[in-house]
Amino acid sequence: MRRFPILPTLVVLLAVGAMIGLGLWQLQRAQWKEGLLARYRAAATAPPLAGLPAGPFPDSLGFRKASLHCVVAGAPIQLGGQGPNGAAGFRSILPCRLADGREMLADIGWQRVGSALAVPASGARLSSAGVLVPDDVLARRFADRPVKPMPWLIVLETPQPGFAPSKPPAIDTIPNNHRGYAVQWFLFAAVALAIYGIAIRRRWLDR
């Protein structure tokens, strides 16, 4: 007489439980992302800030307009991007030190491929309004600096002479696929249970 496979069943149930847990976690992430995007949309229509607040920037500042007054603190990096009429070119991003010693990143404008526009040197002052964009990925590219920049980028509305304004990221392009991921994990759990159930049924029918 065959015994019921207790150990394999426990392994399958643990795996299914983990899949369901991941699905529930993705649903929580979806609610968090929806709230975050709602805060971004509210900030995009809020009155511009006259300056930047002290301390860490809250999520509610994402995509809000603000005035920037800072000192260039290092060399820029260039990122590919499209300018007016879809022309190919690149954006110049540089670290900028605020009056309180913190540093953030500033997008000083876009230029065409092949152009060699001068960028502000270290110590130059920047003063312009712009759109605040959270960007921890970009900030990590400056992580080896003595002062690590905050994970925020300000895209200047008034670029440097000769540059065209860079286009800020659009809120609608921020992905929120967490509900789809949750459905996938729940489907994986259902399929695993179905396959294991079929295997158990065949085992008992073949006794």
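Scroll up to find the structure.
Residues numbered from 1 in each chain as written. Predicted model: local features only at pLDDT ≥ 70, side-chain atom pairs only at ≥ 80, totals over all residues. Heavy atoms only, no water.

Looking at the overall build of the protein chain
Logical step 1: Within the protein chain, the secondary structure is distributed over three helices and six strands.
Logical step 2: From first element to last, N terminus to C terminus, the protein chain shows the α and β order α-β-β-β-β-β-α-β-α.
Logical step 3: Scaling as 2.2 N^0.38, a compact globule of 207 residues should have a C-alpha radius of gyration of about 17 Å, whereas the protein chain reaches 25 Å, well beyond that.
Logical step 4: C-alpha extents for the protein chain along the principal axes are approximately 85 × 40 × 35 Å.
Logical step 5: Counting every position in the protein chain, which comprises 207 residues, the buried fraction comes to 37%.
Logical step 6: Across the protein chain, contacts joining residues at least 24 apart in sequence account for 66% of those joining residues at least 6 apart.
Logical step 7: Of the side chains in the protein chain, 23 bear a positive and 11 a negative charge, and the two mean positions are spaced by 10 Å. (Helix = DSSP H or I, 4+ residues; strand = E, 2+ residues; numbered from the N terminus. Rg over C-alpha atoms; globule rule 2.2 N^0.38 Å. Buried < 20%, exposed > 50% of the residue type's maximum accessible area, 1.4 Å probe, protein only. Contact = heavy atoms within 4.5 Å. Lys, Arg positive; Asp, Glu negative; His and termini not counted. Charge placed at Lys NZ, Arg CZ, Asp CG, Glu CD.)

So, the packing of aromatic side chains
Logical step 1: Here the structure, examined in full by the defined rule, presents three aromatic pairs.
Logical step 2: Judged by centre distance (5.1 Å) and plane angle (55 degrees), the ring pair of Y40 and F63 falls under tilted. Placement of Y40 in helix α1 (residues 6-44) and of F63 in the loop between α1 and β1 (65-72) is noted, with a sequence separation of 23 residues between them. Side by side, Y40 and F63 carry an identical accessibility label, which is buried. (Phe/Tyr/Trp six-rings, centres within 6.5 Å; stacked < 30°, edge-to-face > 60°.)

Observations regarding the side chain of H178
Logical step 1: Tracing the backbone through its elements, the reader meets H178 in helix α3 (residues 178-205).
Logical step 2: Since its relative accessible area comes to 11%, H178 is described here as buried.
Logical step 3: Not counting residues within four places of it along the chain, the set of residues in contact with H178 comprises Q26, R29, A30 and K33.

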